[in-house]
Amino acid sequence: MDDVGGLMEKFEGLKWLSIHARGFFDGGKGTSKTLECAKRLLEKNIIQQILFVTDSVQLEDLARNTIAPRYLNSVEKTQIPPDIFKYNRSVEGHYIRDAMETALAEWYLIGESDFCMSPTFFTSTFTRSSMSRGKCKYVNPYENNCGI
């Protein structure tokens, strides 16, 4: 589980941020604020890469339209062996629970980052447990200037 299909190699030697956004709890407003905060962290060179994890096609598209592709990584079938990540992103929300290997790998990766952030931190136990079990430092996107 340490390299989770090679994705951890993308972050080797870099400071990185994981963002987890649950589509069921956030229609995009909180995610927009979170992504703007992440952009500030990139601009200040506090982080160099972002892992964006979501169960929502809408929120994933929002991330792709907000963060330059060279800084944004997501857990996709193209990056990860299909036997690990096999759920269909067009099926949103709680249906991800049908693909527990995917959920477990995402949960693990979120906590491995240097920094972590989520618009659904207070509403999602998945988010809170993944962030608190790992080494990441939580950045509150709702604080003035992202708490920087």
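Here the structure is a predicted model, which is why all the values come from computation and not from measurement.

Caption draft 1: Focus on the packing of helix α3 (residues 100-112) against helix α4 (residues 125-133). For the pair α3 and α4, the least separation of the axes is 7 Å and the interaxial angle reads 50 degrees. Looking at the two axes, α3 sits oblique to α4. Between α3 and α4 lies a crossing whose hand is right-handed. Here Ala103, Glu106, Trp107, Tyr108, Ile110, Gly111 and Glu112 of α3 lie close against α4, whose contacting residues are Phe126, Ser129, Ser130, Met131 and Arg133.

Caption draft 2: Highlighting helix α1 (residues 29-43). The end-to-end C-alpha distance of α1, which contains 15 residues, comes to 22 Å, matching closely the 21 Å that a straight helix rising 1.5 Å per residue would cover. Those residues of α1 not exposed but buried are Gly30, Thr31, Thr34, Leu35, Cys37, Ala38, Leu41 and Leu42. Projection of α1 onto a plane perpendicular to its axis shows the buried side chains occupying an angular sector of 160 degrees, all on one side. Of the exposed residues in α1, the ones pointing more than 90 degrees away from its buried face are Lys29 and Glu43. The secondary structure elements touched by the buried residues of α1 are β1 (16-21), β2 (49-54), α2 (57-66) and β4 (115-117).

Cut-offs and rules
- Residues numbered from 1 in each chain as written.
- Predicted model: local features only at pLDDT ≥ 70, side-chain atom pairs only at ≥ 80, totals over all residues.
- Heavy atoms only, no water.
- Axes fitted to C-alpha atoms, helices over the stretch in contact; angles between N-to-C directions.
- Helix = DSSP H or I, 4+ residues; strand = E, 2+ residues; numbered from the N terminus.
- Parallel < 35°, antiparallel > 145°, perpendicular 65-115°, else oblique.
- Left-handed = near helix turned anticlockwise from the far one by under 90°.
- Contact = heavy atoms within 4.5 Å.
- Expected span 1.5 Å × (residues − 1).
- Buried < 20%, exposed > 50% of the residue type's maximum accessible area, 1.4 Å probe, protein only.
- Arc of directions from axis to C-beta.

So yeah, pure geometry; function would need other evidence.
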